[in-house]
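# Report on the structure
Each chain, letter by letter, is given below.
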Amino acid sequence: MEPSPVKNNDKGYYKDVFFDSGIGLNVRNDHPAARLAGKSFEYFRTVDGNELSQVDYEKVNEAKIKFLKRIYAAMGERVLGTESYRKFFEYNESWLLPYAVFCSLRDACDTADFNRWESLSRYSSAKAAKYAKANKTSVDFHCFVQYIAHLQFKEAVEYAHSKGVAIKGDLPIGVSRC
C-alpha cells in the first residue's frame, strides 16, 4: 500500500488533523488545527458569547470548508500529483468529476438549485468537462476533499477490521442545508 501523502508529514501539514482528530473541530484550542481554522471549539457552541444547547452546524460547515481550503492551498497540488490520487481519480472519475463540478457550480452560483444555473442547468458530460477545465482550481478542490474523505474512511475501515468489527456501507438520502 502506498503511504498516504498526508501522513508523510515532511512539511508539517497537520497529519493528525486528518487522521487523529477528524477535521480538527473537536480538538483542544491549542491544537494546530484549531489555530489553522482560526477558531476555537467553543466558537461553534456560542452565538454572541451565549452558549447554545447544541453545536451550530452551519458555522461548523463554514469553518470546515475554510479549513479545507487552507489545507488545499498548502498541499493540494502535491497531493493531486501523487500516484495514489491519480489511481483514486481514475477509478472514481465517473461519479467524482460530475460531483466536483456540481459542488463548484453550487458554490459559484450560491445555490444547489441547478435549475438556476442557466446554461449549465442540464447535465452534459461535454459541458461538465469544459467547466472543469475552465474552473480547475475549484473542481480540483472538491476532488481533493473527496480523496481525503476516502483516505479517512479507508483508514477507519482498516482499523475496525483489525479489531474484528465489520463495517456495513450505507447511503444517506436527504438534502443538507449547508
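Before going into details, it helps to say that this report is about the structure given with it. (Residues numbered from 1 in each chain as written. Predicted model: local features only at pLDDT ≥ 70, side-chain atom pairs only at ≥ 80, totals over all residues. Heavy atoms only, no water.)

## Thoughts on the overall build of the protein
For the protein, the helix and strand inventory stands at six helices and two strands. When the elements of the protein are put in sequence order from the N terminus, they spell out α-α-β-β-α-α-α-α. Per-residue burial for the protein yields a buried fraction of 34% across its 178 residues. Within the protein, contacts between residues at least 6 apart in sequence are counted, and of these 59% link residues at least 24 apart. For the protein, the exposed area adds up to about 11,800 Å²; of that, 52% sits on carbon and sulfur atoms. (Helix = DSSP H or I, 4+ residues; strand = E, 2+ residues; numbered from the N terminus. Buried < 20%, exposed > 50% of the residue type's maximum accessible area, 1.4 Å probe, protein only. Contact = heavy atoms within 4.5 Å. Areas by Shrake-Rupley, 256 points an atom, 1.4 Å probe, with all protein chains shown as cover.)

## Comments concerning helix 3 (residues 57–80)
With 24 residues, helix 3 ought to run about 34 Å at 1.5 Å a step, yet its terminal C-alpha atoms sit only 29 Å apart, falling short of that. By the largest-angle criterion, Ala74 marks the main kink of helix 3, which is about 60°. All of the buried residues in helix 3 are Lys59, Val60, Ala63, Phe67, Leu68, Ile71, Tyr72, Met75, Gly76, Val79 and Leu80. (Expected span 1.5 Å × (residues − 1). Bend = angle between axes of the 7 residues up to and from the residue.)

## Describing unusual backbone geometry
Unusually for a residue other than glycine, Asp110 sits at a positive phi of about 60°. Along the chain, the position of Asp110 falls in the loop between helix 4 (83–109) and helix 5 (125–134). What makes Asp110 exposed here is its relative accessible area of 71%. Non-glycine residue Glu118 carries a positive phi angle of around 50°. Tracing the backbone through its elements, the reader meets Glu118 in the loop between helix 4 and helix 5.

## What to know about the side chain of Ser104
Along the chain, Ser104 turns up in helix 4. The residues contacting Ser104, other than those within four sequence positions of it, are Tyr131, Asn135, Ser138, Val139 and His142.

## As for the nonpolar core
Counting 27 residues, the largest nonpolar core has Tyr85, Val101, Val139, Cys143, Phe144 and Tyr147 as its most contacted members. Breaking this core down by element, the ones donating at least two residues are helix 3, helix 4, helix 5 and helix 6 (136–162). For Phe144, the contacting residues outside a window of four places in its chain are Leu68, Ile71, Tyr72, Met75, Gly76, Val79 and Leu80. (Core = buried A, V, L, I, M, F, W, Y, C linked by side-chain atoms within 4.5 Å.)

## Let's talk about the packing of aromatic side chains
This structure, assessed with the given rule, holds nine aromatic pairs. On the basis of an interplanar angle of 55° and a centroid distance of 5.3 Å, the ring pair of Phe102 and Trp117 is categorised as tilted. You can see Phe102 sitting in helix 4 and its partner Trp117 sitting in the loop between helix 4 and helix 5, a full 15 residues away along the chain. Through pairs of rings, three or more aromatic residues link up here, namely Tyr85, Phe88, Phe89 and Tyr147. One cation-aromatic arrangement involves Lys69 over Phe141; the distance from NZ or CZ to the ring centre is 5.7 Å. (Phe/Tyr/Trp six-rings, centres within 6.5 Å; stacked < 30°, edge-to-face > 60°. Lys NZ or Arg CZ within 6 Å of the ring centre and 35° of its normal.)

## Considerations on the pattern of salt bridges
With the rule as written, the count across this model stands at three salt bridges. Between Arg86 and Glu83 there is a salt bridge, with its nearest N and O atoms 3.3 Å apart. Of this pair, Arg86 and Glu83 both sit in helix 4, three residues apart, which is roughly one turn of that helix. Judged by its relative accessible area of 37%, Arg86 falls in the partly exposed class. Among the ionic pairs, Arg106 bridges to Asp107, the shortest N-O distance being 3.0 Å. (Salt bridge = Lys/Arg side-chain N within 4 Å of Asp/Glu carboxyl O.)

## Description of the state of the cysteines
On inspection of all chains with the given rule, the structure shows zero disulfides. Of the cysteine sulfurs around Cys103, a residue in no disulfide, the closest is that of Cys143, at 9.1 Å. For Cys103, a relative accessible area of 2% translates into the label buried. (Disulfide = S-S within 2.5 Å.)

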